[in-house]
Amino acid sequence: MEVLFRLKKSPLAMVGLLVVILLVVVALFANVLAPYSYSKQHLTHMFEGPSKNFLLGTDEFGRDILSRLIYGARISLMVGFIAVSIALLAGGVLGAISGYYGGWIDNAIMRVMDVLLSIPQTLLAIAIAASLGPGLFNLMIAVGVSSMPQYARIVRSSVLSIRGMEFIEAAHAVGSSDMRIIFKHILPNSMAPIIVQATLGVAFAILNAAGLSFIGLGIQPPYPEWGAMLSGGRQYIRDYPHLTLYPGLAIMITILALNFLGDGLRDALDPKLKR
Amino acid sequence: MLRYVVRRILFLIPVFLGVTFCVFTLLYLTPGDPARMVLGDLATEKAVQEFRDKEGLNDPFLVQFGSYVYKAATKGDIGRSYITKRPVMEEILTAFPYTIKLSALSMLISILIGIPCGILSAIRQYSIFDVITMIFAMIGLSMPVFWLGLLLILLFSVQLHWLPSSGFDTWQAMILPSLALSAQAISIITRMTRSSMLEVIRADYIRTARAKGQKESVVIWVHALYNALIPVVTVCGLQFGVLLAGAILTESIFAIPGIGRLMVESIKMRDYPVVQGGVLFVAITFSLVNLFVDLVYAYLDPRIKAQYK
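Described in the following lines is the structure provided in the data block. (Residues numbered from 1 in each chain as written. Chains lettered and ligands numbered in written order. Predicted model: local features only at pLDDT ≥ 70, side-chain atom pairs only at ≥ 80, totals over all residues.)

A word on the overall build of chain B
- For chain B, the helix and strand inventory stands at 13 helices and 0 strands.
- Counting from the amino terminus, chain B carries its helices and strands in the arrangement α-α-α-α-α-α-α-α-α-α-α-α-α.
- Each of the three principal axes of chain B carries a C-alpha extent, and together these read 85 × 60 × 30 Å.
- Buried residues in chain B amount to 39% of all 309 residues.
- Summarising the internal contacts of chain B: among those between residues at least 6 apart in sequence, 73% fall at separations of at least 24. (Helix = DSSP H or I, 4+ residues; strand = E, 2+ residues; numbered from the N terminus. Buried ≥ 20, exposed ≤ 12 C-beta atoms within 10 Å, placed from the backbone. Contact = placed C-beta atoms within 7 Å.)

The following block contains the structure:
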C-alpha cells in the first residue's frame with residue numbers, strides 16, 4: 001500500500017497505470033465494446049477512411065479497424081502476460097534453485113543461461129517460433145522461453161542477497177525445508193526487482209510478439225494481432241496509410257504506458273529512496 | 001590483463017558449442033522430414049531412405065550433432081539450403097555484409113546522438129532540453145522498429161520523395177533504415193548515459209576535483225564522463241545484439257538483402273538449415289562483439305585489471 005502511495009507521486013506512472021487498466025478492461029469486454037466482429041467483412045466498404053459507421057476506417061477486406069484493434073488488445077495482452085508468466089515461472093524457479101544451492105548446480109544453470117543470453121532475445125524467439133510453427137500458443141512459448149534467462153538472473157541475485165540473512169538462518173534452525181524457505185521466505189522478499197522486470201517484460205513481450213507476427217510467425221490471419229495488421233496493411237501504405245497507422249499507434253501507446261508504469265514502479269520500490 | 005583476455009577468449013568456446021547445440025536441437029525438433037524437403041514430394045520412398053542414410057539422418061542425435069559441429073568447425077559446412085541447394089555458408093556470407101553495415105551504421109548513429117544527449121540532459125537536469133530529450137527517449141523506446149520504418153517511408157519516400165524506400169547501395173538509401181533501426185538504441189543509450197552521469201556527478205571525487213579548483217569543463221568532460229561511460233560501454237555492446245535482431249525486421253521493410261531478410265524468406269519457405277545457420281552466425285557475431293566490449297571495459301576500468309595482477 002505504501003508502494004501505491006509512492007507510485008501516486010509520479011504522474012507519468014499513474015497515467016501508465018490508468019492506460020494499462022483501460023486496456024485490460026477493453027481486452028476483457030471486447031465482445032461488448034467492439035461494434036463489429038473482427039472477421040466480419042463489408043466488401044462494399046473496403047479501404048474506407050474514418051466515418052460514422054467505421055470510426056477508424058476499414059481494411060483491405062472491409063473489416064472494421066477499430067473492432068480489430070479492440071480484439072487485438074485482448075490477444076496482445078494475453079500474449080504479453082502469459083509469455084512473461086512462462087518466463088517468470090521457468091526462469092524464476094531455475095534462478096531460485098541456482099541462487100539457493102550454489103556450487104555446481106549454480107554454475108551449470110548459469111552457464112546454460114549464458115548460452116541463451118548470447119543469442120539476441122528477438123532472434124531466439126524467431127528461432128523457437130520457426131521451429132514450433134505459427135500459432136498463438138507457440139508464439140507465447142517462443143517469446144516466454146526467449147526471455148527466461150533474464151528472470152533467472154534477477155531471481156538468482158535476489159536470492160543470493162537474501163540467503164545470508166539471519167531470518168533465513170533462523171528458519172533453517174527451526175527445521176524448515178528448503179522448499180519452504182525458498183517459497184515462503186526468500187521469494188516474497190525479492191519481489192521488487194521481479195515486479196519491475198515483469199512489467200517492462202510484458203511490454204517487451206508484446207513488442208516481440210508483434211514483430212514475430214509481422215514477419216509471418218505467430219498469429220495467423222484472420223486473428224487481429226496488431227503486428228499482423230501492420231504487416232497486412234504494409235502493401236497499401238502509399239494509398240491507404242491508415243491501415244498501418246492505427247495498429248502501430250496502438251502498439252506504441254501500450255508499450256509507452258507499460259514503460260511509464262515500470263519506471264514508476266522501479267522508483268517506488270527502490271529501497272534507496274525509502275525515507 | 002593478458003590473462004583476462006585469454007580467459008575470456010577461451011570461455012567463448014563452450015558458449016559457441018552451447019549455441020550450436022541449441023540451434024541444432026531446434027532444427028532437429030522441427031517437424032518435417034529434411035530428406036523429403038530436399039528431394040521433394042514426388043521422390044520415391046527408396047530415394048528418401050538412401051538420402052537419409054547418406055546424410056546421416058538416421059544416426060542418433062549426438063552423432064548427428066557431433067558431425068554437424070565437426071563439419072562446421074573444420075570445413076565451415078553448416079548444411080545446404082533446401083530451396084537453392086547452395087551451401088548455407090555461401091548464402092549467409094553473401095547477405096552478411098549488408099546486415100553488418102546496417103547494424104554498424106545504426107550503432108554509430110546511436111552512440112553519436114545518444115551519448116551527447118545523455119550527458120547534456122544530466123548536466124542540465126530538469127531543464128527543457130532534459131524534459132524533451134526524455135520524452136523523445138520514451139517514445140523511441142516504445143515505437144516498434146517496423147512501424148517507425150513504415151512511417152519514415154511514408155513521410156520521406158511517399159510524401160516528400162526525398163529518399164528511396166528500398167535498397168542499401170547509395171548513401172541516400174542507407175539513411176532511413178539506419179534511422180529506423182537506431183531509434184530504440186538511441187533512447188536506451190541516452191537514458192543510460194544520463195542516469196550514469198547523474199550518479200557520477202554526485203560522487204565525492206567530483207566534489208574533490210571542484211574543491212581543488214579544477215575547471216568545470218574538465219571536471220565534467222574528463223573526470224565525470226570517463227567514469228560514467230563505463231556502464232554505457234556495456235549497454236552499447238548489448239544494444240548491438242538488439243540491433244542485429246532488429247535488423248531482421250528493418251531489412252524486411254526496406255528490402256535490404258541482408259541476413260535478416262534471408263531468414264524471413266527462409267522461414268516462409270521452411271528452409272530451416274538457412275534459418276538455423278543465420279541464427280548461429282548472428283549469435284556468434286554477438287558473442288564476439290560482447291567479448292570486445294568486455295575487453296574495452298576491462299581496459300577502461302582499472303579495478304578489473306587489478307583483479308588479475
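Points about the overall build of chain A
- The helix and strand inventory of chain A stands at 12 helices and 0 strands.
- Counted from the first residue to the last, chain A has its helices and strands arranged as α-α-α-α-α-α-α-α-α-α-α-α.
- Overall, the C-alpha framework of chain A stretches about 75 × 45 × 30 Å when taken along its three principal axes.
- Residues classed as buried in chain A amount to 49% of the 275 residues present.

Remarks on the interface of chain B and chain A
- Facing 39 residues of chain B, the contacting portion of chain A comprises 33 residues.
- Elements represented by at least two residues in the side of chain B that touches chain A include exactly helix 1 (2–29), helix 6 (128–142), helix 7 (145–159), helix 10 (216–254), helix 11 (259–268) and helix 12 (272–300) of chain B.
- Of all the elements, helix 10 of chain B adds the most residues to the side of chain B that touches chain A, at 8 residues.
- A breakdown of the residues in the side of chain B that touches chain A according to their chemical character gives 30 nonpolar, 8 polar and 1 charged. (Nonpolar A, V, L, I, M, F, W, Y, C, P; charged D, E, K, R; others polar.)

Some details on helix 8 (residues 166–174) of chain A
- Taken across its 9 residues, helix 8 of chain A has 0 buried, putting it largely on the surface.
- Just beyond helix 8 of chain A, the residue with positive phi is Gly175(A), at close to 105°.

A look at the packing of helix 11 (residues 226–233) of chain A against helix 12 (residues 242–269) of chain A
All names here are of chain A.
- Where helix 11 contacts helix 12, the axes come no closer than 8 Å and their chain directions differ by 160°. Classified by the interaxial angle, the pair formed by helix 11 and helix 12 is roughly antiparallel. Between helix 11 and helix 12 lies a crossing whose hand is left-handed. For the pair formed by helix 11 and helix 12, the contact residues are Trp-226, Met-229, Leu-230 and Gly-233 on the first element and Leu-243, Thr-244, Pro-247, Gly-248, Ala-250 and Ile-251 on the second.
- A class-by-class count of the residues in the contact of helix 11 with helix 12 yields 7 nonpolar, 3 polar and no charged. (Axes fitted to C-alpha atoms, helices over the stretch in contact; angles between N-to-C directions. Parallel < 35°, antiparallel > 145°, perpendicular 65-115°, else oblique. Left-handed = near helix turned anticlockwise from the far one by under 90°.)

Description of the environment of Pro241(A)
Residues and elements named next belong to chain A.
- Relative to the helices and strands, Pro-241 is located in the loop between helix 11 and helix 12.
- A residue is classified by how many C-beta atoms lie within 10 Å of it, and Pro-241, with 18 of them, is partly exposed.
- When the C-alpha positions of Pro-241 and Phe-47 are compared, they lie 9.8 Å apart, and in sequence the two are 194 residues distant.

Brief notes about the packing of helix 10 (residues 191–214) of chain A against helix 11 of chain A
All names here are of chain A.
- Two elements in contact, helix 10 and helix 11, have axes separated by 7 Å at closest approach and are oriented at 35°. The hand of the helix 10/helix 11 crossing is right-handed. Contacts between helix 10 and helix 11 involve Ala-209, Ala-210, Gly-211, Ser-213 and Phe-214 on the former and, on the latter, Trp-226, Gly-227, Ala-228, Leu-230 and Ser-231.

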